[in-house]
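# Fold and contact review
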Amino acid sequence: MKGSETMPNTAEKVEPVARLQGVSKKMGSKTLISDLTLDIPAGQIFGFLGPNGAGKTTTIRMMVGLISISSGDILICGRSIKDHFEEAVANIGAIVENPEMYKFLSGYQNLRQYARMVSGVSKQRIDEVVELVGLGARIHDKVKTYSLGMRQRLGVAQALLHRPKLLILDEPTNGLDPQGIRELRDYLRRLCQEEGTTVFVSSHLLSEMELMCDSVAIIQNGRLVDVKQLKTVGDVIMPIGETLFEVDAPEAALALMGHGVLKNGGIVLAATREEIAELNAKLVTGGIKVYSIKTLARSLEDQFLEITGGEGIG
């Protein structure tokens, strides 16, 4: 390669789909949301967790323009909710609380009614979203005959008609049975993979968020307290945990490794894949027998309760 040639930048930074910048909401003398700053990465299912009354729904209502922002700003695809509302919300599809439908019309007729209010939605697009959410067999039945899970899927289909960059779902699993929850989780994962849509979802079901989300933000008393990245192992999404080295001489191993804690008959510490390999080599070279190396994945529930001091979720 000649010296004058330049390599293309293959690691260009992808801008977040949504940015909450110092967002606050006050009602009278009460502060509901305080200085909330959060980036929602593109192409992820991003979870939003918090105890009852933490401010999850209030935040979502500000994101979709249902209530005003007291201070700060929210950017959707770079457009301000406060200054360029129509341009910003054009990138959003949302279900806040329960999806409302005309129960005396069929699912397809409901989608046709909504499509009339949005420019550029073709019959082909309606058929695409019906297929995506798996309602093809029942789409021409009246909505009053649908189960709650089917109505949720129809609501997602409606929210997707205009190809939004960001889909916002407020407690979408409320009232669903285990089968309905799993189906919704599968559809949201397909949505990210096939449509490239970013999903922002709040839920009180921590185990489901753990299976569904790529990252989660935790809010408490109207303030952001932490953002947890979740990692993918094969097709299973798991929380980042710690590593246990089972050895024959734990105290000598701890002194050799330089950090960690004595626990479960070995050494427990947080380490990357590369660090695990290096530490294993150091132990073997130092004459320590390594019987096993195990990942101790702390559940999202454990992490949540630790961060929020054991407060309930909702």
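Labelled according to an unreviewed UniProt entry, the protein appears under the name ATP-binding cassette domain-containing protein, originating from Paenibacillus monticola. What UniProt states about the protein under its Sequence similarities (unreviewed entry) heading is, verbatim, "Belongs to the ABC transporter superfamily."

Our next topic: the overall build of the protein. Regarding its fold elements, the protein presents 10 helices and 15 strands. Looking at the protein residue by residue over its 314 residues, the buried ones come to 44%. Counting only contacts in the protein whose residues sit at least 6 apart along the sequence, the fraction spanning at least 24 positions is 66%. Here the protein has roughly 16,400 Å² of accessible surface; of this, 49% comes from carbon and sulfur atoms.

Now for the nonpolar core. As a rule of thumb, soluble globular proteins bury nonpolar side chains together. Judged by nonpolar contacts, the single largest core of 41 residues is most densely connected at Leu-167, Leu-188 and Val-199. Of all the elements, helix H5 (residues 148-160) adds the most residues to this core, at six residues. Sequence-distant contacts of Leu-188, that is, excluding residues within four places in its chain, are made with Ile-45, Leu-167, Leu-169, Val-199 and Met-212. Ala-54, Val-64, Ile-74 and Ala-217 belong to the second-largest nonpolar core, a separate cluster that totals 27 residues.

What follows concerns the pattern of salt bridges. Taken as a whole, this structure holds 13 salt bridges when the rule is applied. With its nearest N and O atoms 3.3 Å apart, the salt bridge here joins Glu-183 to Arg-153. With Glu-183 in helix H6 (residues 178-195) and Arg-153 in helix H5, this pair connects stretches of sequence that are 30 residues apart. Looking at Glu-183, the relative accessible area reads 23%, which means it is partly exposed. Of the charged contacts in the structure, one is a salt bridge between Arg-189 and Asp-214, with a shortest N-O distance of 3.5 Å. Placement of the pair is Arg-189 in helix H6 and Asp-214 in the loop between helix H7 (206-212) and strand S9 (215-220), with a sequence separation of 25 residues.

About the thresholds
- Residues numbered from 1 in each chain as written.
- Predicted model: local features only at pLDDT ≥ 70, side-chain atom pairs only at ≥ 80, totals over all residues.
- Heavy atoms only, no water.
- UniProt positions renumbered as here; feature names shortened; annotations may be inferred.
- Helix = DSSP H or I, 4+ residues; strand = E, 2+ residues; numbered from the N terminus.
- Buried < 20%, exposed > 50% of the residue type's maximum accessible area, 1.4 Å probe, protein only.
- Contact = heavy atoms within 4.5 Å.
- Areas by Shrake-Rupley, 256 points an atom, 1.4 Å probe, with all protein chains shown as cover.
- Core = buried A, V, L, I, M, F, W, Y, C linked by side-chain atoms within 4.5 Å.
- Salt bridge = Lys/Arg side-chain N within 4 Å of Asp/Glu carboxyl O.

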